[in-house]
Amino acid sequence: MGAEPALRIETLAEQLRALGVRPGDVLIPHVAMRDLVPVENGPKGVLAALRRAVGANGTLLFHVPCETSGNVAEADQRIAVGRQMAGGDGFDPLKGPPRGRLGEFARAVIADADMKIVAHPAARFAATGKQAAKLLEPMPWDDPLGPDSPLDRLCALQGKVLDFGVDTATLTIGSLADYYAVPRSRAMILRHYRTRENGKSFVRSVRLLDDKDEHRYDEGFDAAKRQNFAKSGKLGRTQATLYEAAPLLRYLARKFGGPDLFRTVLRVYEPVTPARR
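Residues numbered from 1 in each chain as written. Predicted model: local features only at pLDDT ≥ 70, side-chain atom pairs only at ≥ 80, totals over all residues. Heavy atoms only, no water.

A. Up close: the packing of aromatic side chains. According to the stated counting rule, one finds six aromatic pairs in the structure shown. When the ring of Phe221 is compared with that of Tyr243, the centres are 6.2 Å apart and the planes differ by 65°; the resulting orientation is edge-to-face. Within this pair, whereas Phe221 is found in helix α9 (residues 214-224), its partner Tyr243 is found in strand β10 (residues 238-244), the two being separated by 22 residues in sequence. Residue classification places Phe221 among the buried residues on the basis of a relative accessible area of 1%. What links up through ring pairs into an aromatic cluster is the set Tyr217, Phe221, Tyr243 and Phe256. The ring of Phe202 is capped by Arg204, whose NZ or CZ atom sits 4.2 Å from the centre of that ring. The ring of Phe256 is capped by Arg216, whose NZ or CZ atom sits 4.4 Å from the centre of that ring. (Phe/Tyr/Trp six-rings, centres within 6.5 Å; stacked < 30°, edge-to-face > 60°. Helix = DSSP H or I, 4+ residues; strand = E, 2+ residues; numbered from the N terminus. Buried < 20%, exposed > 50% of the residue type's maximum accessible area, 1.4 Å probe, protein only. Lys NZ or Arg CZ within 6 Å of the ring centre and 35° of its normal.)

So this is what it looks like as structure tokens:
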């Protein structure tokens, strides 16, 4: 048997449109190339298909955090942490390689000449298109996946979330839902990052929620796929799901929050939030 023919860029763009991606959409795609390939021109071809699907007036947002192995610590004492990490090489929060689990597609995003990138040691984002600046600026330092983050602004713009068959741990809107869930099941922590920027070494401290419960995320997203704000279908060889971001956020926050949710009013956009900034 010969090699499987590569999926053409325009064919993938047509499949994206059939799934529900529309011109002018604000979209955050999470891509697993291992199931999608082969695609014409590889990861660059996938990026090109996404651009064609949202069109000239659309916007693509990506979460492409850096590989931080050996350069992260958690403690309340910043000085002690700085001494502990003094021997580390550090990482470049703007140009450093994406985390290994994100794969070759994330590397193609970072290398793209038209991509606007905001450096953050805990949560680097990239965007391209009409609403890129509105999504990325200003980037909050603490809680970079929480309220008023690029993810939150995506929901305010009535954006969409595309799951190309990735692990639920990489679907970052789940982290945003954890901030809105009441009572929270995750504690706030202070995390320190050894970075190297413009040839100088720094210890950058960020306050954020602790690591997520992946089992709970699996259950939450599995249930969300059956809701009327989600549509599933084939993209290449993989089963993909397209979500409306704001209803997904609202649903996950309620599911993660449990029965005590009625004690608070969630600022989770319903149904339309006026544009900010």
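From this point on, the discussion continues.
B. Expanded view of the environment of Thr168. Secondary-structure assignment places Thr168 in the loop between β6 (160-164) and α8 (173-180). C-alpha of Thr168 to C-alpha of Asp222: the two residues are 54 residues apart in sequence and 9.2 Å apart in space. Once residues lying within four places of it in the same chain are set aside, the contact partners of Thr168 are Glu214, Tyr217, Asp218 and Phe221. (Contact = heavy atoms within 4.5 Å.)

C. Layout of the pairing of β10. Within β10, five of the seven residues are buried, which leaves the element mostly enclosed by the surrounding structure. One ladder, built from four bridges, connects β6 with β10; its direction is antiparallel. Counted as the bridge partner of Val161 is Tyr243 from β10. Two elements, strand β9 (residues 230-235) and β10, share six bridges in a ladder whose sense is antiparallel. When the sheet's bridge partners are listed, Ser232 is paired in β10 with Thr241. The turn joining β9 and β10, which pair antiparallel and follow one another in sequence, is formed by two residues; a positive phi near 65° is taken by Gly236. (Pairing = 2+ DSSP bridges.)

D. Looking closely at the pattern of salt bridges. Tallying each qualifying case throughout the model produces nine salt bridges. Notably, a salt bridge pairs Glu10 with Arg52, separated by 3.0 Å at the nearest N-O pair. Here the residue Glu10 occupies a position in helix α1 (residues 9-19), and Arg52 occupies one in helix α3 (residues 42-54), the gap between them amounting to 42 residues. For Arg51, the salt bridge is made with Asp112, and the minimal N-O distance between the two is 2.8 Å. With Arg51 in helix α3 and Asp112 in the loop between α5 (103-111) and β4 (116-118), the pair connects residues that are 61 residues apart, well separated along the chain. For Arg51, a relative accessible area of 26% corresponds to the partly exposed category. Here the salt bridges share partners, and the residues they tie into one network are Glu10, Arg17 and Arg52. (Salt bridge = Lys/Arg side-chain N within 4 Å of Asp/Glu carboxyl O.)

E. Layout of α1. Where α1 is concerned, the buried positions are Ile9, Leu12, Ala13, Leu16 and Leu19. Considered in projection along α1, the buried side chains sweep an arc of 120° and stay on one side of the axis. Next to the buried residues of α1 lie α2 (33-36), α3, β6, β9 and β10. (Arc of directions from axis to C-beta.)

F. Highlighting the sheet that holds β4. The strand order across the open sheet built from seven strands is β4-β5-β2-β1-β6-β10-β9, with neighbouring strands paired in mixed fashion. In this open sheet, the two edge strands, each paired with only one partner strand, are β4 and β9. The average undirected angle you get between the axes of adjacent strands in this sheet is 20°. On top of the sheet, α3 reaches β1 (26-31), β2 (59-63), β5 (125-129) and β6; it is set at about 140° to β2, its chief contact. (Axes fitted to C-alpha atoms, helices over the stretch in contact; angles between N-to-C directions.)

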